[in-house]
Amino acid sequence: LLVVESLTAVYAALFLQNSAILRQEYERVARGERLPPMDVRRFELEPPGLAERNKPEAWKSALENAEAQLEHQSLRLLNLELMLKYAPNAWRMHGQNLEATDARLQGLLDQCKEDIKKVNQERKYEQTEIGIELKRLESRWQQLIHTSGDLEKACKALEQRNQDLRQQLKANGIEDPKDGVGDGATRVSA
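No experiment lies behind these values; they were computed from the predicted model shown.

Turning our eyes to something else, we now look at helix α2 (residues 20-31). In this model, α2 (twelve residues) spans 16 Å end to end at C-alpha, consistent with the 16 Å of a helix rising 1.5 Å per residue. Gly32 occupies a position one or two residues after α2 and carries a positive phi of about 80°.

In structure tokens:
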């Protein structure tokens, strides 16, 4: 729709550029002025007024107007005859063109729908795969947390055991091997 609007604007600009009458009409519409009423006097077949009935120029003008009206009516009849003869075929062709355009646009729409469906299926597959991977990683994380908790408990139990052993050594009057050793390593005497 945006492409159609921009093309319409381009064609309108070119059209207005080449036609002074169309440019004036476009400017009138842009100013919001109403269309002046149509002058229908030229379609009337009136004789010259009472004051001009004796003037040949007035009758000549009235005769020219009558001839113009007659020609106009002849052209209308000719156009109606041509329309009766050719309009049905023109409308059939127009209908066929519309059907062809509809079929082409329907094909494009179907292709777009198929593309959207394909993208959605790919996205769903990827999200499912990522969901499985996230569950696996979450399970591994929970295992590591559990293992870390078990290690922490074991470390606290060993620290408590070491503290208990130190107290026993102290109670038995044995010097704590940790005293005097910078790295905290336990020495075993043979």
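Tallied over the full model, the rule gives four salt bridges. With a shortest N-O distance of 2.2 Å, Glu25 and Arg28 are connected by a salt bridge. Here Glu25 and its partner Arg28 are both found in helix α2, three residues apart, which amounts to about one turn of the helix. When its relative accessible area of 12% is taken as the criterion, Arg28 is described as buried. Taking the shortest distance from any N to any O, the salt bridge between Glu152 and Lys156 comes out at 3.9 Å. Here Glu152 and its partner Lys156 are both found in helix α3 (residues 56-171), four residues apart, which amounts to about one turn of the helix.

This part covers α3. The largest bend in α3 amounts to roughly 50° and is located at Tyr86, with the proline Pro88 lying one to four residues further along. For α3, the full list of buried residues reads Ala58, Ala62, Gln69 and Ala87. Where α3 terminates, the next one or two residues include Gly173, which has phi positive at roughly 80°.

Engagement of the side chain of Arg28 in a polar contact is seen with the side chain of Glu25, the distance being 2.2 Å. Among the polar contacts listed, one links the side chain of Arg28 to the backbone oxygen of Glu33, at a separation of 2.6 Å. Discounting chain neighbours no more than four positions away, the residues touching Arg28 are Glu33, Arg34, Leu35 and Pro36.

Analysis parameters
The numbers attached to residues start from 1 for each chain and follow its sequence in the written order. pLDDT decides what is reported in this predicted model: residues at 70 or higher carry local features, side-chain atom pairs at 80 or more are listed and counted, and totals for whole chains, interfaces and linings draw on all residues regardless. No hydrogens and no water enter the side-chain calculation; it runs on all heavy atoms of the structure. Put simply, DSSP H or I for four residues or longer makes a helix, DSSP E for two residues or longer makes a strand, and each gets a number counted from the N terminus. Each residue after the first adds 1.5 Å to the expected span of a helix. What counts as a salt bridge is simple: a side-chain nitrogen of Lys or Arg found within 4 Å of a carboxyl oxygen of Asp or Glu. Whether a residue is buried, partly exposed or exposed follows from its accessible area with a 1.4 Å probe, protein chains only, as a fraction of its type maximum: under 20%, in between, or over 50%, in that order. The quantity called bend is, for any residue, the angle between two axes fitted respectively to the seven residues ending at it and the seven beginning at it. Polar contact is the term for a pair of N or O atoms within 3.5 Å; when the atoms are in protein, one must be able to donate a hydrogen and the other to accept it, and sequence-neighboring residues count only if both atoms are side-chain atoms. Contacts between residues were defined by any pair of non-hydrogen atoms, one from each residue, lying within 4.5 Å.

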